[in-house]
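Take a look at the letters that make up each chain.
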Amino acid sequence: MPSEQNAALVMLGPDSDARGGIASVLRVWQDAGLFGGRQVTLLATYVDGSALRKLGALGRALLRFVGLLLGGQVGAVHAHSASNASFRRKSLFLALARLAGKPYVFHLHGGAFDRYHAGCSALERAWVRRTLRGARIVFVLSDSWAEWLHREVGHPDIRVLPNPVLPVRLPAGIPREPQTLLFLGRLEADKGIFVLLGALARLRASHPGLRAVLAGEGDLPAVSQAAAAAGVADLIELPGWVAGDTKARCLARAGVFVLPSRFEGLPMALLEAQAAGLPVVASRVGGIPQVVSDGENGVLHAPDDEVDLARALATVLDDAEGARRLGSVGQARVLAGFGIDRVRSLLEEAWQCLDAQTGHKEEHA
């Protein structure tokens, strides 16, 4: 049997090639070398694709996790979770970790966990609380989420860990289009996509150069139909999911980043847009007001309010110099406040708490 000295920190999360915010965060962690010399085993509990493919990935991850536990190769666990199915998947692994006496970090990313919690049955709500209270440390993305968890769960050690941001390298030779909006995210009502279409309709007459690149997965036919009904079908582009060089070109081209969500944690897309120097127009929800100060590095608006969204967008679109200032301030702040060094120190402090609980001394390269 392997010795406890070979035990690893097991990281539970989506496959590195998956689409979504948690996968984006994990890719940044890996690219930035945040694991350092720590022995980390990554277990993909989710993959993109059919329901059968997702179920197969979950089953394989569970079997491997059990094997690692039985082989003494699990020192501690760090679970990345959102709501609904994401939480239910992780809770299975964390129940096994509790049975095996392994400490764990519960890392909450989703911006709708309060809604999920409120809609649970009494039995599932008790399971949620058992899972979170069993954690050595709970990580959240913003102070507002820390306050909610303190109130609803009462965990003694809830810490705010911001998503890390790397400097964005934009391709050369792509001119900025000041009147082009960029949205990155799922094309669905909860992300405010239909509210955005209504705001575009209100702005088109006064802003003849207006365009909107709506990049992401979702119900594209429904978005196209809604855009036609609003009279803005000719203003929008639907490139689908974008990543890598394609996303960098979108960030280089756009003049304004817009995220009119109904709820959020601390969206990576917004942080990346700020790191690229874009002025931001976003809804006043979740952790967004912690990184977007209205009138200083972006403009905030009320969620689900197309009139207020149109007002916020016009504020930026009508003032080119002001837009450049918002983008510049936002870029400086996000790289200073969400840089890799700060996140590394917070992570290492938490993982050392797990090491202390297990009596395991991690060797670093």
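As shown above, the structure is provided for reference.
The following refers to the structure shown.

How each quantity is defined
Residues numbered from 1 in each chain as written. Predicted model: local features only at pLDDT ≥ 70, side-chain atom pairs only at ≥ 80, totals over all residues. Heavy atoms only, no water. Pairing = 2+ DSSP bridges. Helix = DSSP H or I, 4+ residues; strand = E, 2+ residues; numbered from the N terminus. Contact = heavy atoms within 4.5 Å. Axes fitted to C-alpha atoms, helices over the stretch in contact; angles between N-to-C directions. Phe/Tyr/Trp six-rings, centres within 6.5 Å; stacked < 30°, edge-to-face > 60°. Buried < 20%, exposed > 50% of the residue type's maximum accessible area, 1.4 Å probe, protein only. Lys NZ or Arg CZ within 6 Å of the ring centre and 35° of its normal. Parallel < 35°, antiparallel > 145°, perpendicular 65-115°, else oblique. Left-handed = near helix turned anticlockwise from the far one by under 90°. Nonpolar A, V, L, I, M, F, W, Y, C, P; charged D, E, K, R; others polar. Salt bridge = Lys/Arg side-chain N within 4 Å of Asp/Glu carboxyl O. Expected span 1.5 Å × (residues − 1). Arc of directions from axis to C-beta.

Thoughts on the sheet that holds strand 10 (residues 254-259)
So, point 1. What the 6 strands build is an open sheet, ordered 9-8-7-10-11-12; its pairing is parallel. Looking at which strands have only one partner, the edges of the open sheet turn out to be strand 9 (236-237) and strand 12 (298-301).
So, point 2. Summarising the sheet, strand 11 (residues 280-283) and strand 12 pair through 4 bridges and their orientation is parallel. Following the sheet pairing, V281 is matched in strand 12 by V299.
So, point 3. Its contacts with the sheet put helix 12 (residues 306-317) on strand 7 (177-184), strand 10, strand 11 and strand 12, and the angle it makes with strand 12 is roughly 170 degrees.

Some words on the packing of aromatic side chains
So, point 1. According to the stated counting rule, one finds 11 aromatic pairs in the structure shown.
So, point 2. Here the aromatic rings of F35 and W351 are separated by 6.2 Å at their centres, their planes lie at 45 degrees, and the arrangement is tilted. Remark: W351 occurs in helix 14 (residues 340-358) and F35 occurs in the loop between helix 1 (21-31) and strand 2 (40-46); sequence separation between them is 316 residues. There is no split in this pair, since F35 and W351 are both buried.
So, point 3. Counting every residue linked through ring pairs, the aromatic cluster contains F87, F106, F113, Y116, W145 and W148.
So, point 4. The ring of W127 has R98 sitting right over it, with the charged end atom 5.4 Å from the ring centre.

A few points about the packing of helix 2 (residues 51-70) against helix 3 (residues 85-99)
So, point 1. Between helix 2 and helix 3, whose axes approach to 11 Å, the crossing angle comes to 15 degrees. Our classification of the angle between helix 2 and helix 3 gives roughly parallel. As for how helix 2 packs across helix 3, the hand of that crossing is right-handed. From helix 2, L58, A61, L62, F65, V66 and L69 reach across to helix 3, where they touch R89, L92, F93, L96 and A97.
So, point 2. Counted by class, the contact of helix 2 with helix 3 contains 10 nonpolar, no polar and 1 charged residues.

Points about the sheet that holds strand 1 (residues 8-14)
So, point 1. Strand order in the open sheet formed by 6 strands is 2-1-3-4-5-6, and the pairing between neighbours is parallel. The open sheet has two free edges, formed respectively by strand 2 and strand 6 (158-160), since each of these has just one partner strand. The mean inter-strand angle of the sheet, taken between neighbouring strand axes irrespective of direction, is 20 degrees.
So, point 2. Where strand 1 lies against strand 2, 6 bridges are found, and the strand directions are parallel. In the sheet register, V10 faces strand 2, and the bridge partner there is T41.
So, point 3. Across the sheet, helix 6 (residues 143-152) touches strand 4 (104-108), strand 5 (137-140) and strand 6, and the angle it forms with strand 6 is around 170 degrees.

Regarding the packing of helix 10 (residues 268-275) against helix 13 (residues 320-337)
So, point 1. Two elements in contact, helix 10 and helix 13, have axes whose closest approach is 7 Å; the angle formed by their N-to-C orientations is 115 degrees. Contact residues: helix 10 offers L271, Q274 and A275, while helix 13 offers G327, G330, Q331, V334 and L335.
So, point 2. Of the residues contributing to the contact of helix 10 with helix 13, the split by class is 4 nonpolar, 4 polar and no charged.

What about the pattern of salt bridges?
So, point 1. For the structure shown, the criterion picks out 23 salt bridges.
So, point 2. Here R284 ties to D294 by a salt bridge, and the two come within 3.9 Å at their closest N and O atoms. Note that R284 is positioned in the loop between strand 11 and helix 11 (288-291) and D294 in the loop between helix 11 and strand 12, a separation of 10 residues in sequence.
So, point 3. Here R284 falls in the partly exposed class, since its relative accessible area comes to 43%.
So, point 4. The partly exposed category is assigned to D294, whose relative accessible area is 42%.
So, point 5. Across the pair E296 and R333 runs a salt bridge, and its minimum N-O distance is 2.7 Å. Here R333 lies in helix 13 and E296 lies in the loop between helix 11 and strand 12, a separation of 37 residues in the sequence.

Some details on unusual backbone geometry
So, point 1. Its identity is not glycine, yet N84 carries a phi of approximately 55 degrees, on the positive side.
So, point 2. Note on placement: N84 falls in the loop between strand 3 (74-81) and helix 3.
So, point 3. On the basis of relative accessible area, N84 is assigned to the partly exposed category, the value being 40%.
So, point 4. In the Ramachandran plot, D304 falls in the positive-phi region, its phi being about 60 degrees despite a non-glycine side chain.
So, point 5. Here D304 shows up in the loop between strand 12 and helix 12.
So, point 6. A relative accessible area of 44% places D304 in the partly exposed class.

Focus: the side chain of S81
So, point 1. Topologically, S81 is positioned in strand 3.
So, point 2. Apart from the residues lying within four places of it in its own chain, the contact partners of S81 are I22, S86, F87, K90, F106, H107, L108, H109 and G110.

Re helix 2
So, point 1. Taking 1.5 Å of rise per residue, 20 residues should cover 28 Å, and helix 2 covers 29 Å from first to last C-alpha, within 8% of that figure.
So, point 2. Residues of helix 2 that are buried include every one of A57, L58, A61, F65, L68 and L69, and no others. Each buried residue of helix 2 sits inside an arc of 100 degrees when the element is viewed along its axis, so together they form one side. Exposed side chains of helix 2 directed beyond 90 degrees from the buried face belong to L52, L55, R60, L63 and L70.

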